[in-house]
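Here are the chains, one letter per residue:
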Amino acid sequence: QVQLVESGGGLVQPGGSLRLSCKASGSIFSINAMGWFRQAPGKQRELVAAMISGSDTNLADSVKGRFTISRDNAKNTVYLQMNSLKPEDTAVYYCNADVWITSMNRGDYWGQGTQVTVSS
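A brief look at the structure comes next. Quantities reported herein were computed from a predicted structural model and do not represent experimental measurements.

Criteria and thresholds
- Residues numbered from 1 in each chain as written.
- Predicted model: local features only at pLDDT ≥ 70, side-chain atom pairs only at ≥ 80, totals over all residues.
- Heavy atoms only, no water.
- Core = buried A, V, L, I, M, F, W, Y, C linked by side-chain atoms within 4.5 Å.
- Buried < 20%, exposed > 50% of the residue type's maximum accessible area, 1.4 Å probe, protein only.
- Helix = DSSP H or I, 4+ residues; strand = E, 2+ residues; numbered from the N terminus.
- Pairing = 2+ DSSP bridges.
- Axes fitted to C-alpha atoms, helices over the stretch in contact; angles between N-to-C directions.
- Salt bridge = Lys/Arg side-chain N within 4 Å of Asp/Glu carboxyl O.

### Topic: the nonpolar core
1) Next: Membership of the largest hydrophobic core comes to 30 residues, with the highest contact counts inside it found for Trp-36, Phe-67, Leu-80, Met-82 and Tyr-93.
2) Next: Looking at this core, the elements that each hand over two or more residues are strand S1 (2-7), strand S3 (18-26), strand S4 (30-39), strand S5 (46-51), strand S7 (67-72), strand S8 (77-82), strand S9 (91-100) and strand S11 (114-118).

Here it is as structure tokens:
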């Protein structure tokens, strides 16, 4: 089994910063990609940022210039640095990983989610 554990969420004022972390553990042969999604009440879950390799990243237009995704392959950990936070960033943030369990078996895994609330 593969587990993803997020941390770093919380309550922050507009303009503040948070850094989310997600560590993958369990039976992992390799990780093809890791990323972050978010879901606000009444809204669909949306992709925030993804990293396929150490240099290949993709960010949603709404967070470009404010958020940065990074990945530590040795620790099977992905980070989301969130700066200049806005109230519209309020959501549950979910970590996602595309994992090779063996050289022949691949799976898609999700973390439990961490709440980010941006409010004065």
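### Describing the sheet that holds S7
1) Next: Across the sheet, which stays open at both edges, the 4 strands sit in the order S1-S3-S8-S7 with antiparallel pairing between neighbours. Strand pairing shows two members of the sheet lacking a second neighbour, S1 and S7, which therefore form its edges. Strand after strand, the sheet turns through a mean of 15° between neighbouring axes, direction not considered.
2) Next: Here S7 runs beside S8; their pairing, made up of 6 bridges, is antiparallel. Residue Ser-70 lies in a different strand from S8, and its bridge partner there is Tyr-79.

### Focus: the pattern of salt bridges
1) Next: Enumeration according to the criterion identifies 5 salt bridges in this entry.
2) Next: One salt bridge connects Arg-106 with Asp-98, and the closest N-O pair in it is separated by 2.4 Å.
3) Next: Judged by relative accessible area, Asp-98 falls into the buried class, the value being 17%.
4) Next: One connected set of salt bridges, linked through shared partners, spans Arg-38, Glu-46, Arg-66 and Asp-89.

### Quick word on unusual backbone geometry
1) Next: Of note in the backbone geometry, Asn-76 takes a positive phi value of approximately 50° without being a glycine.
2) Next: Looking at the element boundaries, Asn-76 is found in the loop between S7 and S8.
3) Next: If you check the backbone angles, Ser-84 has positive phi at about 50° while not being a glycine.
4) Next: Judged by relative accessible area, Ser-84 falls into the partly exposed class, the value being 40%.

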